[in-house]
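# Remarks on the overall topology
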Amino acid sequence: MRFVIIGGGPAGYQAATYAARLGAQVTVIERDVYGGAANLWDCIPSKTMIATGGAMSEGRRLSGMGLVQSSPVVDTEALTSRINGIANDLNGDIVKLLQSQGVRMIDGTGRFTGPNSIEATGPNGTESIEFDKALVSTGSRPRIPDWCEPDGDRILTTRDCYPPKVFPDSITVVGSGVTGVEFVHMFSSFGAEVTLVVSRQHVLPGKDPEVAGVLEDDFLRRGVKLLKGARAESIERTDDGDGTIVKCDDGRVVRSTHAVLAIGSVPNTDELGLEAAGVELDDWGYIPINHHCVTNQTHIYAAGDVSGKLPLASVASMQGRKVAEHVMGLHTIEHRHLDYDKAASAIFTEPEIADVGLAEAEAFASGRKIRVTKVPFSTTAKALINNDPRGFVKIISDPATGEVLGGSIVGRHAAELISVIALAVTANLRVSDIVESLLVHPALSEALAEAAE
Ligand SMILES: Cc1cc2nc3c(=O)[nH]c(=O)nc-3n(C[C@H](O)[C@H](O)[C@H](O)COP(=O)(O)OP(=O)(O)OC[C@H]3O[C@@H](n4cnc5c(N)ncnc54)[C@H](O)[C@@H]3O)c2cc1C
C-alpha cells in the first residue's frame, strides 16, 4: 500500500507512524517542520508563554502562603530560546519516530497533479510520486480580515507573539474565543494592560455561560478592560509608529502599544491542486469528510484542521490514527468511530477551564433529562493547601442510568482533571464508577468523586 501524506503536523505524523507500523509504505511531504504548526506556532509556544507568564503571576498566590513576594523580570532572549528549544526537542523526537518506522520524509511542498499522483517541490528539486491512498493534513493559518494588515511588529497575529519583538505595555486583543482569552491571560500575566474586544455579550461564545462568567470575573479582577458588543473594523498604527488604534463598529476606539488578532483560522487547502484529484471543498475552503475521514474521493482522506471538524491537535492526532486504520483495512475488524462530541478540550487561562461531552445548556435546549451535580474546589483540602480555592467541578449524568454524559471543570489543573470525566464519557462509565474509585487524599480529584455522588 503506497500511502502519501501532505503535511507532517499532528494529523499527518500520527497517520504516518501508525500506518507504517501496520505495514504501509509511507511517504510524508512537509514544507516546514515535522510536528506542524501545533509545535511551531500554536499549542506548544502559546502554552510555554502562558506557563512563564503564569509563573510571574504566581506571586499573588505565594504571598498568601507565608512567602515574601519577589518581582521577576522577563529575559526575552532566554524566553525565546526556551520556546524554540521545546519546539525543537519535540520536532526532533517526531523525526526520530518517523525514521524508526521507516517513513520516507520529503522536505518540500506537495500538490496533487492527478487522481493518483502528487508532486513534491523542495530544496532537492521536484519529484513526482504515485499513491494508492493519500491524506491531506495541511492544517490552517490565522484568518486575516481585509480591514487590517498585520506587520509582525505592533499589529500582530498569534504567530508573532512568541514572544513579540517588543513586549507590550498595553495590548488590544481582538477576538474572545478560546485563543483570544488565552492571549488576554498570557499578556496580562506578563503585566501588560489588556483590552479585549468582545463581539457578543460575554466571552467564549458557545461555552457554558457560568464558566465564561468565572473567567470574566478573573479578567476584571486583573484590570482587563472588556469592550462588550463591539466588533473591530480597523486596526492601524499610530502616526508615531509606537502604538495601535483599534476602531470598533459602535464608534469606540482603543489605543494601545500593540494589537493582536485572534479571530480564527482558514484552512490550507488553496494551492494543493485538489481539483486535479477531484477533491471537493465546502464554501469555506474546508474538505468535507465522512466518519472515516474519507473525502468525496474514496482513496483520499483529510484530517486535522483542513477537515473543518474540531480544530484541536488532540482531535487531529486521533483522526490521523483512524485514517491509518482505515487505509490498512482495520476498520472492518475492531474499530471505534471517532466521536467528536466526546472530545475533551481545555482553555489555558487562570483558572483553567476544561470540558467534555454534553453541556448543560445543550441538554436543556434539546429537552434531554439530565442530572447536574456541582462541587466547588473550596470544599477540598488540597485547594486550601494550594491557596487557590477558585472554581468547581460539574458532572452531567443520565438520571435513570447514572451514565456520565459530560462535565466541566474550572480551576487549577482543570486540563488534567478533565481526563477522568473524558474517560468516563468515552467508556460509558457511570457516576458510581467514579465514586467507588479509591482516589488520592488530599487531592483536587476528590471534588470529582464528590460531584459524582
Ligand atoms: C494560538 C493557538 C493555540 C492552540 N492551542 C492548542 C492547544 O492547546 N491544544 C490543542 O489541542 N490545539 C490547539 N490549537 C489548535 C492546533 O494547533 C491545531 O488544531 C493543530 O495544529 C492541527 O493539526 P494539523 O495536523 O491539522 O495541522 P498543523 O499542525 O497546522 O500541521 C500542518 C502541516 O502541514 C504543512 N503543510 C501545509 N501545506 C503544505 C504543503 N502544501 N506541502 C507540505 N506541507 C504542507 C505545514 O507546514 C504544517 O507543518 C491551537 C491553535 C492556535 C492558533
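Residues numbered from 1 in each chain as written. Predicted model: local features only at pLDDT ≥ 70, side-chain atom pairs only at ≥ 80, totals over all residues. Heavy atoms only, no water.

Here His 326 is to be found in helix H9 (residues 313–327). A distance of 2.7 Å separates the side chain of His 326 from the side chain of Tyr 301, its partner in a polar contact. When residues no more than four places from it in sequence are discounted, the contact partners of His 326 are His 292, Val 294, Tyr 301 and His 331. (Helix = DSSP H or I, 4+ residues; strand = E, 2+ residues; numbered from the N terminus. Polar contact = N/O pair within 3.5 Å; in protein donor to acceptor, adjacent residues only side chain to side chain. Contact = heavy atoms within 4.5 Å.)

All right, on to the site of the ligand then. The ligand sits among 37 residues. The nearest are Glu 30, Lys 47, Gly 110, Asp 305 and Ala 313. Here an oxygen atom of the ligand sits 3.2 Å away from a polar atom, N or O, in the main chain of Ala 38. Here an oxygen atom of the ligand and a side-chain polar atom of Lys 47 are 2.9 Å apart. For the ligand, whose unbound accessible area comes to 1000 Å², protein coverage reaches 89%. Elements that contribute at least two residues to the shell around the ligand include exactly helix H1 (10–21), strand E2 (25–30), helix H2 (36–40), helix H3 (43–57), strand E4 (109–114), helix H6 (178–189) and H9. Looking at the shell around the ligand residue by residue, the classes come out as 16 nonpolar, 15 polar and six charged. (Near = heavy atom within 4 Å. Areas by Shrake-Rupley, 256 points an atom, 1.4 Å probe, with all protein chains shown as cover. Nonpolar A, V, L, I, M, F, W, Y, C, P; charged D, E, K, R; others polar.)

Glancing now at the pattern of salt bridges. Under the criterion given, the structure shown has 23 salt bridges. In this structure, Arg 237 and Asp 151 form a salt bridge, with 2.6 Å as the shortest nitrogen-oxygen distance. Residue Arg 237 is found in strand E13 (residues 232–237), and its partner Asp 151 is found in the loop between strand E8 (140–142) and strand E9 (155–157); the two are separated by 86 residues along the sequence. Using a relative accessible area of 30% as the deciding quantity, one classes Arg 237 as partly exposed. Residue Lys 374 is joined to Glu 210 by a salt bridge in which the shortest nitrogen-to-oxygen separation is 2.2 Å. Of the two residues, Lys 374 is situated in strand E21 (residues 371–376) and Glu 210 in helix H7 (residues 209–221); the sequence distance between them amounts to 164 residues. Each member of the salt-bridge network shares a partner with another, and the members are Asp 218, Arg 221, Arg 222, Glu 350, Asp 388, Arg 390 and Arg 412. (Salt bridge = Lys/Arg side-chain N within 4 Å of Asp/Glu carboxyl O. Buried < 20%, exposed > 50% of the residue type's maximum accessible area, 1.4 Å probe, protein only.)

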